[in-house]
Amino acid sequence: MPTNQSHSQPWSPPEQFVLVESSVPGVMVYAPQPETTKSDRAKSFACPNCGANITYDVSAGGVACEYCGHIAPVKSVHVGRNAEDFEFTLETLSQSNRGWGTQRQILHCDSCGSDLSISESTLTTTCLFCASNKVNVITSLEETLRPRFLIPFTVTRDQTQKIASQWLGKGWYHPDELARNAILRKFVGIYLPFWTFDTQVDARWRAQVGYEKTERHYNAREKRWVTRTRIDWRWENGKTHLNIDDFLVSGSHQRHISQLILKRLYPYDMNGLKTYQPDYLAGWQAQAYEVTLTDAWASAKKAIREKAKTACHRDIPTHHVRNFSMSADFRDESWRYILLPVYLAAYKYDNQVYQVMLNGQTGAIAGQKPIAWWKIWLAIAAMLAPGTLLGLIGLPLLLVGGVGIIAIVLGIILFVLGIIFSFILYNKARESEAK
Amino acid sequence: MADLTPQADIIDENQSLWETKRQPAGCTLCHRVFLVQEAIIGSSCPLCQKGQLETQPARMRPTAPEQMLPFKLGRKRLSRIYEDFVSGVWIKPEDFRAEKLLSRTTAVFWPLWLVDSDVSGHWEMEAGFDYQAETYKEAYSGGQWQSRKQVETRVRWEPRLGQINTHVENVTVPALEEHENRLAMTGRYQLDRGQPFDPDQLGKALLEVPDLPPEEAWPLATPQIEREAAQICKQAADAQHIRNFHLKADYQNLNWTEFFLPMYTSFYTDDEGQAQIVVINGESGEIRGPRMASRKRGLRIAGIMAVIAAVFLALALFGALLTLVIPPIGLIAILFGFMGLGLGIAAIIPAVWPGQWNRKQGDGPRMMPRR
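Residues numbered from 1 in each chain as written. Chains lettered and ligands numbered in written order. Predicted model: local features only at pLDDT ≥ 70, side-chain atom pairs only at ≥ 80, totals over all residues. Heavy atoms only, no water.

## A short note on the overall build of chain A
Okay, so step 1: When you go through chain A residue by residue, the secondary structure sums to seven helices and 19 strands.
Okay, so step 2: Out of the 435 residues belonging to chain A, those deemed buried represent 45%.
Okay, so step 3: Split by element, the accessible area of chain A, about 23200 Å² in all, is 54% carbon and sulfur. (Helix = DSSP H or I, 4+ residues; strand = E, 2+ residues; numbered from the N terminus. Buried < 20%, exposed > 50% of the residue type's maximum accessible area, 1.4 Å probe, protein only. Areas by Shrake-Rupley, 256 points an atom, 1.4 Å probe, with all protein chains shown as cover.)

Structure below.
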């Protein structure tokens, strides 16, 4: 005989589930609580002991008060390369394109009660009235477009000066007194926005591949055997696979941060990624993305497909290739929005301002350096001189006999080599000054 | 612990139910029970054609049926269906003819339970939400890149749980033990097109009595009610897909009524004199049942062909002898020889084909003997 089983005992949803809207009367629906937490709200940092302003201390690895010595460790999880990534949903892409919504935003200081106006991409600020440090990341309309992971600073401010001084003293073509006379301003630690992309690329190529073939034939007119090389062209095809992991694209505009210098700071070790905690940003500057996800992905895609093209070419056993065509199918595309530590500084030399950046994780340094152009020109002249001289010596020797032609040929070779090395040196020098 | 299902009553053999002017009668052999018009008493059982319908008391619930699907096929349509059904068989039994099937057609309504219930309890599931994501295909040719964006629909699975306090109506539950086989014979019905039960629309049709009373059908009803509840919860959560749905619920205020589905039955006798039941879905016109070939007729045709082949071979032999006297006759003898040989070999086909065909018929759905 069928009977009903009583399940009428009081029921309550598990923790971390919240009531959501139901489309059917009589049915209550609970869903996991959204991940928005207290830490995503604007947060002020004051010492719980003395009330003084506190900042993230790199050497202590926590939020520290420089007055009373109070240290609180940061409650963050080390996630490394396993940090969660996100798909390219249409929703997210359109949200990313809308940016941060407002040009300026009002940040309420809960220490002194004043309202601060800050720019849309500013994640941290210091209250003008009570000097308390603030961290604010709630301006993004979508949860996923807030920074979720970061690599904290591991290089301390003290170390930056030493690294910078050593770097300034390096390189023979810079002014000798650069390390001594450069007025290096204080390095400012800033968390810069970056997009990282993962994807699998299946590439297929088709091309005419040329194979060199050496053959001997008898030249009747010259009455001798001649060896010649000809190229056999064959249609070939192949496929290759690329696993792109953590392809890094800066989220800052070129007009604010020099991308040329920034790229010289790579690589960052993504194994150092930690879950975002506002404590890491306390007392440090941080910037939100200015380059949208769509634009960053477009530039990453361009670079990745070129990588795929290179990989396809690497598959081809010879360097004779024509009518090359290929397809690259992207799949499992995902992205992450992260903050990476960079020290920025500028120094003045000879009334000119030069930018320097330092990787806050590895200590790698890059930046503009003035060039002692007379050294460059002297070096170029030295590199071109042997060839020119040998050529000049060879000319009168031509009158003497066959010796002259050897000197001239050697002179030309040396001259060409000199031009190549000069070109490289010149470019390197230009790069050193480039913004 | 409450009793969920009302008990069945015993309906007396002379008692007419639901103003249908029909009384209970059962098959003497397969024991299926029907409500039939008096004139039909004593005729063969439409579902086994082995026993006879005789009056008997029926154990059933006296509540009037709630819904029915009326018959939708006219005589002409039935005739066409039978013709198509029969025409597919090459060497068929004498009795396997469309006109005979049509003349033996009986209309039968067979039952389903419709269950209404209050459902209250709690549930959990994985809710699937569709979302769209971009992916790219890049092509390089002639020194230029072309990028093609593709939008894929993917499913994001999220846990959902909650409470349900609702009423489900007209959940269909099997009312016959042979429900699955019956459905295999008739094919699906469009149950959402059910109409209120109307005795005037029954015509001469028999009403089959449920042999799964509610108390026995209850274990089959709960999964159906759960499925219904799952759909309600899916709608409540605004999900497009669900999986791993679990419900712990109380079922109250159960109401069991019947839903009658239309089917036609007919039969023909095969070589062995066995009645082969053919069933037509009274709504869609789908026809199912074994289509037996006649081995006897096959052998008869094979025999005739063999005799003709023997005559040809004899003529060929005779012709061969005549070639000694009239050589050109040799050609005719060869021709006869080939014809005889060919016909002899071809005679194997009608002898063997019916057996092969009938073997295949064994795999299809057929009305199963009961008890």
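## A short note on the sheet that holds strand β6 (residues 71-73) of chain A
The strands making up a sheet are joined through hydrogen bonds of the backbone, oriented either antiparallel or parallel.
All names here are of chain A.
Okay, so step 1: If you trace the three strands from one edge of the open sheet to the other, you get β4-β5-β6, paired in antiparallel fashion. Whereas interior strands pair on both sides, the edge strands pair on one side only; in this sheet they are β4 (54-57) and β6. Here the average twist between neighbouring strands, direction ignored, is 30 degrees. (Pairing = 2+ DSSP bridges. Axes fitted to C-alpha atoms, helices over the stretch in contact; angles between N-to-C directions.)

## Topic: the interface of chain A and chain B
Okay, so step 1: Between chain A and chain B, the residue contacts involve 42 residues of the former and 45 residues of the latter.
Okay, so step 2: Across the contact surface, chain A and chain B share four salt bridges.
Okay, so step 3: Between Lys137 of chain B and Asp329 of chain A there is a salt bridge whose closest N-O contact spans 3.9 Å.
Okay, so step 4: For the side of chain A that touches chain B, the elements supplying multiple residues, two or more each, are β2 (27-32), α1 (90-97), α5 (293-315) and β17 (320-349) of chain A.
Okay, so step 5: Counting residues per element, the side of chain A that touches chain B draws most heavily on β17 of chain A, at nine residues.
Okay, so step 6: For the side of chain A that touches chain B, the residue count by class is 21 nonpolar, 12 polar and nine charged. (Contact = heavy atoms within 4.5 Å. Salt bridge = Lys/Arg side-chain N within 4 Å of Asp/Glu carboxyl O. Nonpolar A, V, L, I, M, F, W, Y, C, P; charged D, E, K, R; others polar.)

## Regarding the pairing of strand β7 (residues 106-141) of chain B
Okay, so step 1: Most of β7 of chain B is tucked away: 26 of the 36 residues are buried.
Okay, so step 2: Where β17 of chain A lies against β7 of chain B, four bridges are found, and the strand directions are antiparallel. Residue pairing for β7 of chain B: Met326 of chain A is matched across the bridge by Tyr140 of chain B.
Okay, so step 3: Bridging between β7 of chain B and strand β11 (residues 241-269) of chain B involves 21 bridges; their strand directions are antiparallel. Across the sheet, residue Gly128 of chain B finds its bridge partner in β11 of chain B, namely His241 of chain B.
Okay, so step 4: Pairing between β7 of chain B and strand β10 (residues 206-208) of chain B: two bridges, direction parallel. Within β10 of chain B, the residue paired with Phe109 of chain B across the bridge is Leu207 of chain B.
Okay, so step 5: Here 29 bridges tie β7 of chain B to strand β8 (residues 144-174) of chain B, and the two strands are oriented antiparallel to one another. Across the sheet, Trp113 of chain B pairs through a bridge with Val173 of chain B, a residue of β8 of chain B.

## Brief notes about the packing of helix α6 (residues 329-346) of chain B against helix α7 (residues 348-361) of chain B
Residues and elements named next belong to chain B.
Okay, so step 1: Close contact between α6 and α7 brings their axes to 5 Å; oriented N to C, the two are set at 10 degrees. One way to sum up the angle between α6 and α7 is to call them roughly parallel. Every residue of α7 that contacts α6 at Gly344, Ile345 and Ala346 is listed here: Ile348, Ile349 and Pro350.
Okay, so step 2: Across the contact of α6 with α7, the residue classes break down as five nonpolar, one polar and no charged. (Parallel < 35°, antiparallel > 145°, perpendicular 65-115°, else oblique.)

## Side note on the pattern of salt bridges
Okay, so step 1: Scanning the entire structure with this criterion turns up 27 salt bridges over all chains.
Okay, so step 2: Through salt bridges with shared partners, a single network forms among Arg81, Asp245, Asp246 and Arg336 of chain A.

## So, the packing of helix α6 (residues 373-400) of chain A against helix α7 (residues 403-433) of chain A
All names here are of chain A.
Okay, so step 1: It is the contact of α6 with α7, at a shortest axis distance of 7 Å, that shows an interaxial angle of 170 degrees. Considered as vectors, α6 and α7 are oriented roughly antiparallel to each other.
Okay, so step 2: Here the contact of α6 with α7 is composed, by residue class, of 23 nonpolar, eight polar and two charged.

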